[in-house]
Amino acid sequence: MQGRVADLTLLAVHPDHQNLRIGTELNKHALDKMVDSGMQMARVETGGDASHAPSRRCYEKTGYTPLTIVRYQKAL
């Protein structure tokens, strides 16, 4: 599947305009363009904290499946 995976790297809506379906519509537009380009998989990442809850809702509304991933890091 390598080469057929599209990464959505930034989809943001100003806080004053959130919860108006703008993010969902932007996401759908991006997914349509991915399909038109021959992509077979779309991938996106977001935070798991409360401030990213609107993003997670947006992605889940458009059919993304959340994966449980643990990423560790350590400041040096």
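Structure: see above.
Residues numbered from 1 in each chain as written. Predicted model: local features only at pLDDT ≥ 70, side-chain atom pairs only at ≥ 80, totals over all residues. Heavy atoms only, no water.

Student: Requested: an account of the pattern of salt bridges, with residues and values cited.
Tutor: One pass over the structure, following the stated rule, counts 4 salt bridges. For Arg-43, the salt bridge identified is with Asp-7, shortest N-O distance 2.5 Å. Of this pair, Arg-43 sits in strand 2 (residues 41-44) while Asp-7 sits in strand 1 (residues 5-8), and the two are 36 residues apart along the sequence. Residue Glu-25 pairs with Arg-21 through a salt bridge whose shortest N-O separation is 3.4 Å. For Arg-21, a relative accessible area of 43% gives the class partly exposed. By sharing partners, the salt bridges in this structure join Arg-21, Glu-25 and Lys-28 into a single network. (Salt bridge = Lys/Arg side-chain N within 4 Å of Asp/Glu carboxyl O. Helix = DSSP H or I, 4+ residues; strand = E, 2+ residues; numbered from the N terminus. Buried < 20%, exposed > 50% of the residue type's maximum accessible area, 1.4 Å probe, protein only.)

Student: Tell me about the pairing of strand 2, residues and numbers included.
Tutor: In terms of strand pairing, strand 1 meets strand 2 through 4 bridges, oriented parallel. If you follow Leu-8 over to strand 2, its bridge partner there is Val-44. Read as a crossover between parallel neighbours, the route from strand 1 over helix 1 (residues 22-36) to strand 2 is right-handed. (Pairing = 2+ DSSP bridges. Right-handed = clockwise from strand over helix to strand, strands pointing away.)

Student: Describe the nonpolar core, listing the residues and the values that go with them.
Tutor: One finds Ala-6, Leu-8, Leu-11, Ala-30, Leu-31, Met-34, Tyr-59 and Tyr-64 forming the largest nonpolar core, which totals 8 residues. Residue assignment for this core shows that the elements contributing at least two residues are strand 1 and helix 1. The leading source of residues in this core is helix 1, at 3 residues. For Ala-6, the residues in contact, after removing those within four places along its chain, are Met-34, Met-39, Met-41, Ala-42 and Arg-43. (Core = buried A, V, L, I, M, F, W, Y, C linked by side-chain atoms within 4.5 Å. Contact = heavy atoms within 4.5 Å.)

These figures capture arrangement, not role.
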